[in-house]
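# Observations on the three-dimensional arrangement
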Amino acid sequence: MASESSFDIVSKVDRQEVDNALNQTAREISQRFDFKNTGASIAWSGEKIELRANAEDRVKAVLDVFKDKLIKRGISLKTLEAGDPQLSGKEYRISAEVNEGISQDNAKKVSKLIRDEGPKGVKAQIQGDELRVSSKSKDDLQAVMTLLKSQDFDFAVQFTNYR
């Protein structure tokens, strides 16, 4: 009696880690000499992150520091969607947001890739903003994981619920 094994493909971000990266960035901005008297700041604005400074290059530098902190905390930059610097009064602003979940189109792409290039007998089902991949063979599931890790998607991919 061979039971089905499965795992989920998700695109999730630990909100606490993003918050920690944001706080580290704010602390670094307040202490660094090149950010003195530039009005540089970073803070949550609802679900978005607002970056501000009085010069375009300074606000881009704040974004670079924030990206660096995200990488150090193990958060993929594919989840961060930052806009272009916008002039608002006397300061430049960048609005950034952290995306979670796999869109329907991306889920279909991954599902098609598994069907076309993955081992036979592996099924992929779209369940909301994640995918469930199942098979009778755990080796086939690990082959699918290897296949997906080798692909360069425009969204972050994690594997959970492996059983």
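Structure: see above.
Another point: unusual backbone geometry. The backbone of N37 shows a phi angle near 60 degrees, a positive value even though the residue is not glycine. On the basis of relative accessibility, which here comes to 77%, the residue N37 falls in the exposed class. Located in the positive-phi region is N161, a residue other than glycine, with phi close to 60 degrees. Here N161 falls in the partly exposed class, since its relative accessible area comes to 37%.

What follows is about the packing of aromatic side chains. For the structure shown, the criterion picks out 3 aromatic pairs. Between F7 and F159, the ring centres sit 5.5 Å apart and the planes meet at 85 degrees, which makes this aromatic pair edge-to-face. Here F7 is found in strand β1 (residues 5-10), whereas its partner F159 is found in strand β9 (residues 158-160), with 152 residues between them in sequence. Residue classification places F7 among the buried residues on the basis of a relative accessible area of 0%. Consider the rings of F153 and F155, whose centres lie 5.2 Å apart with planes at 25 degrees: the pair is stacked. Judged by its relative accessible area of 15%, F153 is buried. Through successive ring pairs, a cluster of aromatic residues spans F7, F159 and Y162. Directly above the ring of F35 sits R58, whose terminal nitrogen or CZ lies 5.1 Å from the centroid.

Nonpolar side chains in soluble globular proteins generally cluster together in the buried interior. Formed by 22 residues in total, the largest nonpolar core has its most connected members in I42, I49, L51 and F66. Among the secondary structure elements, those contributing two or more residues to this core are α1 (15-31), β3 (48-53), α2 (56-72) and β6 (91-98). Beyond its immediate chain neighbours, meaning those up to four positions away, L51 contacts S41, I42, V59, V62, L63, Y92, R93, I94 and A96. Counting 17 residues, the second-largest nonpolar core is a separate cluster that includes L113, V144, L147 and F153.

Right, let's talk about the sheet that holds strand β8 (residues 130-135) for a bit. One open sheet accounts for 4 strands, arranged β7-β8-β1-β9; its pairing is antiparallel. Looking along the sheet, the strands with just one partner apiece sit at the ends: β7 (123-127) and β9. The average undirected angle you get between the axes of adjacent strands in this sheet is 30 degrees. Lying over the sheet, helix α3 (residues 104-117) contacts β1, β7 and β8, oriented at roughly 175 degrees with respect to β7.

Conventions adopted
Residues numbered from 1 in each chain as written. Predicted model: local features only at pLDDT ≥ 70, side-chain atom pairs only at ≥ 80, totals over all residues. Heavy atoms only, no water. Buried < 20%, exposed > 50% of the residue type's maximum accessible area, 1.4 Å probe, protein only. Phe/Tyr/Trp six-rings, centres within 6.5 Å; stacked < 30°, edge-to-face > 60°. Helix = DSSP H or I, 4+ residues; strand = E, 2+ residues; numbered from the N terminus. Lys NZ or Arg CZ within 6 Å of the ring centre and 35° of its normal. Core = buried A, V, L, I, M, F, W, Y, C linked by side-chain atoms within 4.5 Å. Contact = heavy atoms within 4.5 Å. Pairing = 2+ DSSP bridges. Axes fitted to C-alpha atoms, helices over the stretch in contact; angles between N-to-C directions.

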